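Observations on the three-dimensional arrangement
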Amino acid sequence: MTTATPELLTVPEVMARLKLGRSTVYDLIRSRRLTSITIGRSRRIPADAVRDFISHEIKEAA
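No experiment lies behind these values; they were computed from the predicted model shown.

**Focus on the pairing of strand β3 (residues 42–46)**
Sheet topology places strand β1 (residues 8–9) next to β3; 2 bridges connect them, and they run antiparallel. What sits directly across from Leu8, in β3, is Pro46. Here strand β2 (residues 37–39) runs beside β3; their pairing, made up of 3 bridges, is antiparallel. Considered in β3, the bridge of Ile39 is made with Ser42.

This is the structure we're talking about:
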């Protein structure tokens, strides 16, 4: 049995994955460095956006 990665992540899930604080995650969203969508009053971040962010940061650091 495999564990599927959810397509949309909550802010706390992104915080845990990136080991960042809440305000830092919202700053990344606000600065458009991390893509997100709003559904009703809920903010969701696509799992692909988190992977893209990490990939971009690694390339920038090289």
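**Concerning the sheet that holds β1**
The sheet built from 3 strands is open, its strands ordered β1-β3-β2 with antiparallel pairing. Of all strands in the sheet, those bounded by a partner on one side alone are β1 and β2.

**A look at the pattern of salt bridges**
Using the criterion set out here, one finds 3 salt bridges in the structure. Residues Arg30 and Asp27 are paired through a salt bridge, measuring 2.6 Å at the closest nitrogen-oxygen approach. Here Arg30 pairs with Asp27, and both are found in helix α2 (residues 22–30), just 3 residues apart, close to one helical turn. For Arg30, a relative accessible area of 59% corresponds to the exposed category. Relative accessible area serves as the criterion here: at 42%, Asp27 is assigned to the partly exposed category. Asp48 is paired through a salt bridge with Arg51; the nearest N and O atoms lie 2.2 Å apart. Of this pair, Asp48 and Arg51 are both found in helix α3 (residues 47–61), 3 residues apart, which corresponds to roughly one turn of the helix. By relative accessible area, which is 43% here, Arg51 ends up partly exposed.

Parameters at a glance
Residues numbered from 1 in each chain as written. Predicted model: local features only at pLDDT ≥ 70, side-chain atom pairs only at ≥ 80, totals over all residues. Heavy atoms only, no water. Pairing = 2+ DSSP bridges. Helix = DSSP H or I, 4+ residues; strand = E, 2+ residues; numbered from the N terminus. Salt bridge = Lys/Arg side-chain N within 4 Å of Asp/Glu carboxyl O. Buried < 20%, exposed > 50% of the residue type's maximum accessible area, 1.4 Å probe, protein only.

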